[in-house]
Amino acid sequence: QGSTAAALARDHAAEANRLKQKYDELLADRNEVGNQNQALLDQVAALIAQGKDAHLTADGNIEIRLPSDVTFASGEATLTKSGQASVRSLRETLAGEYSPYKVRVEGHTDDQPLKRTKDKWGDNFGLASARALSVLRFMESDMGIEPGRLESASRGQHVPVAANASKADRAKNRRVNIVVVIPRTEALAMAK
């Protein structure tokens, strides 16, 4: 029985050591993620200081929001002159320190169904998709961003940043997001 008790004690000690090692690894990961998020927040703060509407996304990417009321006429997907200037203002940022990263262009709308342009776009997904693609093509042709770095996505009305309860809220939801997709390993390198 003594050897059984000793074997159980060794097993418990081994399990306790394994759990402590796992805990230490998780704590190190948490600290690493904290450093990564701080580095990304510093990047976002620098963009905000440049006058950009920048945010850190939940999945650790950097997002720059362009209001579609500035970039497009109502119900349309052709960039306005001010929209071109707004997108062009990102050239230095996207071609500089973020040049190694993919760029996702996301189109967003408010929750109001299309009326006047329903035949043209079908629904908010169609309009948001066309707007995202318009910005993507402009970034490629006018700004010289390599096409392999670019991707577009339509979010329609399904990812609002405001409640759609007022004209002002709906205006916030009509936007194009330029998302710099930063792989976790790269974000960790920024933190060091």
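This text follows the structure it describes.
Residues numbered from 1 in each chain as written. Predicted model: local features only at pLDDT ≥ 70, side-chain atom pairs only at ≥ 80, totals over all residues. Heavy atoms only, no water.

Q: So what about unusual backbone geometry? Which residues, and what values?
A: Backbone geometry places N164, a non-glycine residue, at a positive phi of 65°. Checked against the element boundaries, N164 lands in the loop between β4 (150-156) and α7 (167-173). (Helix = DSSP H or I, 4+ residues; strand = E, 2+ residues; numbered from the N terminus.)

Q: Outline the packing of helix α3 (residues 81-88) against helix α6 (residues 124-141), supporting the account with residue identities and numerical values.
A: Between α3 and α6, whose axes approach to 11 Å, the crossing angle comes to 60°. Relative to α6, the element α3 lies oblique. Crossing angle aside, the handedness with which α3 passes α6 is right-handed. Facing α3, whose interface residues are Q84, V87 and R88, α6 presents V135, F138 and M139. Class assignment for the residues of the contact of α3 with α6 results in four nonpolar, one polar and one charged. (Axes fitted to C-alpha atoms, helices over the stretch in contact; angles between N-to-C directions. Parallel < 35°, antiparallel > 145°, perpendicular 65-115°, else oblique. Left-handed = near helix turned anticlockwise from the far one by under 90°. Contact = heavy atoms within 4.5 Å. Nonpolar A, V, L, I, M, F, W, Y, C, P; charged D, E, K, R; others polar.)

Q: Which residues make up the nonpolar core, and what values do they have?
A: Grouped together as the largest cluster of nonpolar side chains are 28 residues, with contacts concentrated most on I62, V87, L94, V105, V135, M139 and I178. Only α1 (2-49), β2 (62-67), β3 (102-108), α6 and β5 (175-181) provide two or more residues apiece to this core. Excluding residues that lie within four positions of it along the chain, M139 makes contacts with V87, L94, V103, V105, G144, I145, L150 and I178. Counting residues in each nonpolar core, the second largest holds five residues, with A77, W121, L127 and A130 among its members. (Core = buried A, V, L, I, M, F, W, Y, C linked by side-chain atoms within 4.5 Å. Buried < 20%, exposed > 50% of the residue type's maximum accessible area, 1.4 Å probe, protein only.)

Q: Summarise the sheet that holds β5; cite the residues concerned and give the values.
A: The strand order across the open sheet formed by five strands is β1-β2-β5-β3-β4, and the pairing between neighbours is mixed. Both edges of this open sheet fall to β1 (54-56) and β4, since each of them pairs with a single strand only. Geometrically, the sheet is characterised by an average inter-axis angle of 25° between neighbouring strands, direction not taken into account. Two strands pair when backbone bridges link them, and β3 and β4 are joined in this way by six bridges, in the parallel orientation. Opposite V103, over in β4, you have L150 as the bridge partner. Sitting on the sheet, α6 is in contact with β3, β4 and β5, with an inclination near 160° to β4. (Pairing = 2+ DSSP bridges.)

Q: For the side chain of N124, give the residues involved together with the corresponding values.
A: For N124, the location among the structural elements is in helix α6. Among the polar contacts listed, one links the side chain of N124 to the backbone oxygen of D110, at a separation of 3.3 Å. Apart from the residues within four sequence positions on either side, N124 is in contact with T109, D110, D111, Q112, P113, L114, S154, G156 and Q157. (Polar contact = N/O pair within 3.5 Å; in protein donor to acceptor, adjacent residues only side chain to side chain.)

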